[in-house]
Every structure is written in C-alpha cells, then in structure tokens.
Amino acid sequence: MQSQESSVYSMPAVWKECREILRAEIKDSLYTMWIKPLHVEEKNGVLYLNAPNDYSRKHLQDEFLPRIEALIAQQLQGKPLSVVLQVDTGQRLQPSRVLKTVESPSLSTERITADKQRSNLVPHFTFKNFVDGPSNSMASASCRRMVFDMGNPQHNPLFLYGATGLGKSHLMHAVGHALLDTNASARVMYISSEDFLTKMVQALRQNEADAFKKKFQTLDLLLVDDIHLLSGKVKTTNEFMNIVNGLMDESKQIILSSDRHPKEIKDLDPRLVSRFTGGLMVGIEPPDLQTRVDILLKKAEASQMMLPHSCANFIAQHVLANVRELEGALKQVIALALFRHIKEITLDLVREALKDIIILRAKVISIDNIQRVVADYYRITIKEILGPKRTRHIARPRQLAMALARELTSDSFPQIGIAFGDRDHTTVMHACEKIQELRREDPALARDYHYLISLLQS
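Everything numeric here is computed off the predicted structure, so don't read it as measured data. (Residues numbered from 1 in each chain as written. Predicted model: local features only at pLDDT ≥ 70, side-chain atom pairs only at ≥ 80, totals over all residues. Heavy atoms only, no water.)

### Structural notes on the packing of aromatic side chains
Under the convention used in this document: When the centres of two rings from Phe, Tyr and Trp lie within 6.5 Å, Trp using its six-membered ring, the rings pair. Their planes under 30 degrees apart give stacked, over 60 give edge-to-face, and anything left gives tilted. Helix and strand definitions follow DSSP, with helices as H or I runs of at least four residues and strands as E runs of at least two, each counted in order from the N terminus. Buried means the residue's accessible area, taken with a 1.4 Å probe over protein chains only, is under 20% of the maximum for its type, while exposed means over 50%, and partly exposed covers the values in between.
Taken as a whole, this structure holds seven aromatic pairs when the rule is applied. Ring geometry for Phe-212 versus Phe-216: centroids 5.2 Å apart, planes at 65 degrees, classification edge-to-face. Separated by four residues within a single helix, Phe-212 and Phe-216 lie in helix H10 (residues 209-217), roughly one turn from each other. For Phe-216, a relative accessible area of 2% gives the class buried. With centroids separated by 5.0 Å and ring planes inclined at 85 degrees, the aromatic side chains of Tyr-377 and Tyr-378 adopt a geometry described as edge-to-face.

### A look at the sheet that holds strand E2 (residues 46-51)
The cut-off we apply is this: Pairing between two strands is assigned when DSSP locates at least 2 bridges connecting them. A fitted line through C-alpha atoms serves as each axis, taken over the contacting stretch for helices, and the angle formed by two N-to-C directions is quoted from 0 to 180°.
With respect to topology, three strands assemble into an open sheet ordered E1-E2-E3, the strand pairing being mixed. The sheet is open, and its two edges are formed by strand E1 (39-43) and strand E3 (82-87), each paired on a single side. Pairwise comparison of adjacent strand axes, ignoring direction, gives a mean angle of 25 degrees for this sheet. In the sheet, E2 pairs with E3 via six bridges, with the strands oriented parallel. Across the sheet, the residue bridging to Ala-51 is Val-87, located in E3.

### Overview of the environment of Lys-215
Along the polypeptide, Lys-215 turns up in helix H10. Put simply, Lys-215 and Met-189 are 26 residues apart on the chain and 9.4 Å apart in space, counted from C-alpha to C-alpha.

### Considerations on the pairing of strand E6 (residues 221-225)
The two faces of a sheet get side chains in turn, since along a regular strand they alternate between them. Our working rule: Place the viewer so that the strands point away; then a crossover is right-handed whenever the path from the first strand over the helix to the second strand goes clockwise.
Burial within E6 is extensive, with five of its five residues counted as buried. A two-sided burial pattern is seen for E6, the buried positions comprising Leu-221, Leu-223 and Asp-225 on one face and Leu-222 and Val-224 on the other. Looking at chain direction, strand E5 (residues 188-192) and E6 are connected through five bridges and run parallel. When the sheet's bridge partners are listed, Tyr-190 is paired in E6 with Leu-223. Relative to strand E7 (residues 253-258), E6 runs parallel, the two sharing four bridges. Within the sheet, the bridge partner assigned to Leu-223 lies in E7 and is Ile-255. The parallel pair E6 and E7, bridged by helix H11 (residues 234-249), forms a crossover whose chirality is right-handed.

Quick look at the structure:
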C-alpha cells in the first residue's frame, strides 16, 4: 500500500514546495537559519526532517512544526504521512509534537545545570526569553546562527555594541545556554571585564598569572562583557590579548560586548581594535515602540500577570531608553497591583504606579522642545519646520520631528498635526511611516534619530 502511495507523489518535490511557501511567509534571516539547513527523507510512510543539532530541532519543533505539518498535509491532499523531526545522527525521535530530547545517559539534568552555573550564565537569559525587533534583529540572528558554527573566522570574535540595557548581555548568555543545551560537554565561561581585571590583577600580585590564563585555554566559548573597561589597562590588556589569540588560534569562539564601536573606545590597544574589527561587529539600537510593547507583554507573562495591550502600549510610550528601564517600570506596576491585591492591571493603576516618571517626562519632552532641538540640529528655523515649504532639507527634518513627537509624547496624530502648522493627521501618519522606513534603509538617518532622542532625554 505504501509503495502505491509513494508513487503518487515525489517527496522531494513536496518538500521543495513547502520550503518555498515558508520562504515567502517568514523573514529571510529566519528561513536561512532554521528551514534551509533541513533535509528530508521518507521511509515507511514517515517523513524525517533532519536538523543539524538538537538545539535547532527544539526550536523548529516549538516555532515551525505545526505550520510544516499543515503545509505537507495540504500538498499531499490528505494522504497520511507522519512527520518526525530528528537530529541528523541516524537516531529516530518520537513523531510530531511529542518529540523527546535525546541526551547521553551520562549527561544528567543535574550535570547540565551545574555546568551552566559554573559558566556564570544567568538562567533566564535565553533565546526563548529574548524579544526580537528591528533594533536587534541582526544581532539576534547572528547569535542564534553562531550556535551551529562556532569559531568560524567570519564571525570570530563577535562584537556586540550599543548603549546600556539593550540586550547585549542577554544575547551573550543565550548563546552560552544554547551551546550547552546542544553539547553539554562544551566549556563556556561568561565574565565581565571588571571581574576579569580584578582577578587578573590579583593573579599577577600572587604570581599566579599562568594558572589564571590556563582556565581560559580549554574553553569552547568565551563571553566577555563591557570590553571598553579594558581601555588604558596596558598590562591586563597584554594578558587578555594572549588569551584571545590562543583561543582564536584553536578556532574557539569569543563574543564581546561594549557600549560603543571598538574604534570609538579611547586608549584601547590597537592590537585589540584590529582583532575586534577583524570579526563580525553588530550594533544594537534602542527598541522601537512595538518592540517595547512586545517586551512588556512577554515579561508580564513571565511574571504571571495579566497586562492588557493598552497598558503595555501606555508604558512603552513613556519609557523609551532601554529594556532595563522598561522592566523597572513594569515591576513598579506589578508591585502596586500585588499590594492592592489586584489581579488585572488597568490604565488607572499604571498611571498611578508611574506618575513620577510621567510627570518628569512631561516636563522634559514636549512638541515645542522637539521642534527646537530638531531645528537646531539641522540648522533650520522653527518657522521653516512649521511653514509650507517642501524642499528636502526642510521636509525631512519636519518629518523627523513629527516622528519624534509621536514616539516621545502621548499626543495623537491630529494633535501633532495642529502643532506642526495645522497639518492634517494623515500627513503626520505618512511622516512617521516614512521615517520608520528610512531608519531601516539609511544608517545615517537612524543614527540621527537616536541621537536626537538622547538629546531630548538628557
């Protein structure tokens, strides 16, 4: 019976069609990372999707398997076929969504947990708990892909840079967790530059520098946070350079973070700058409004609190700087809700919990202030911003000011339009959409946008 069914359709052709549909449905980066590496084989009425490793299999199972099953069923027009995700080692796993993780008997859950603790990894800093958005998509995709391709010279070292509280440390820890989930015998270490400096100085004073450096020689993955703190530390920099060179010579992966691009770190050893810029450098920007909303909803869910979307949107409109401040604001709201024994958060509760933040922000940021700062930055007059001229050197700053007004104030589209020379609300909407599009396509404008935000918030 199975041979008759197999003759009706070509499984490679069916899978090819499914892949093309998925490619049209999801982002290119997600397709390349998760779907493209899969290859299929059919045996005895079962379709085996072979993933490169167990971490990939788990992610595919959670995020893509239901859609894959639906597409295959659609292509086969109802013909029965079980779908099994498995790691490409020849070991079969259980069908469909009841898949179980295959682990070596010698690597117990307790052993894996202990390994993660010794690696200094923060338990909840995982890819599952990370919210992707336009501001961090490149960094997130790079880190996720690296789990399968450790030590590749094209991205070694990986250098993540951006302001404080944007998720750099979270992504670094997430790579460590994912690697240990895939290979529990891997050796991972997370260390801050401050901690490295302290321990290195202590080792030098106690004539134990060699023993200190040996701790790094056997690592598969080294994660170093806040690398800009090595600026001006000549002796420590030399030792760190030796560690980096030793690991990279052995094709071991290094991930670093900083609050700025390596070329902007003053008094940093030129050898380190050369090493850092020779790998993959990825910047992370402050999250946009929708990403801030998504972050709040996810964190509220993790706290087992019901946060209506309207409340998340309200918080996101008033807390702009980074993820840490968002989390702090949400904690204030949740704390007040728990104190009042309230199970469902309301806008009134949010306003009360964040009243100090709202008052402070209202004093600092207004449309008038935005117009003044943008006019000064682009060396035009406020009269020109409010006037009818549509020449590019005036129209673009005007659109930028409108987008900033929408981002940084609670004013509506009609209110912003009135403040910009009695313009229609649709003009403001178009300006916001245009600036959002240009921020993705034009790095210079994106930098201007975030620099203006920092000026307005300072």
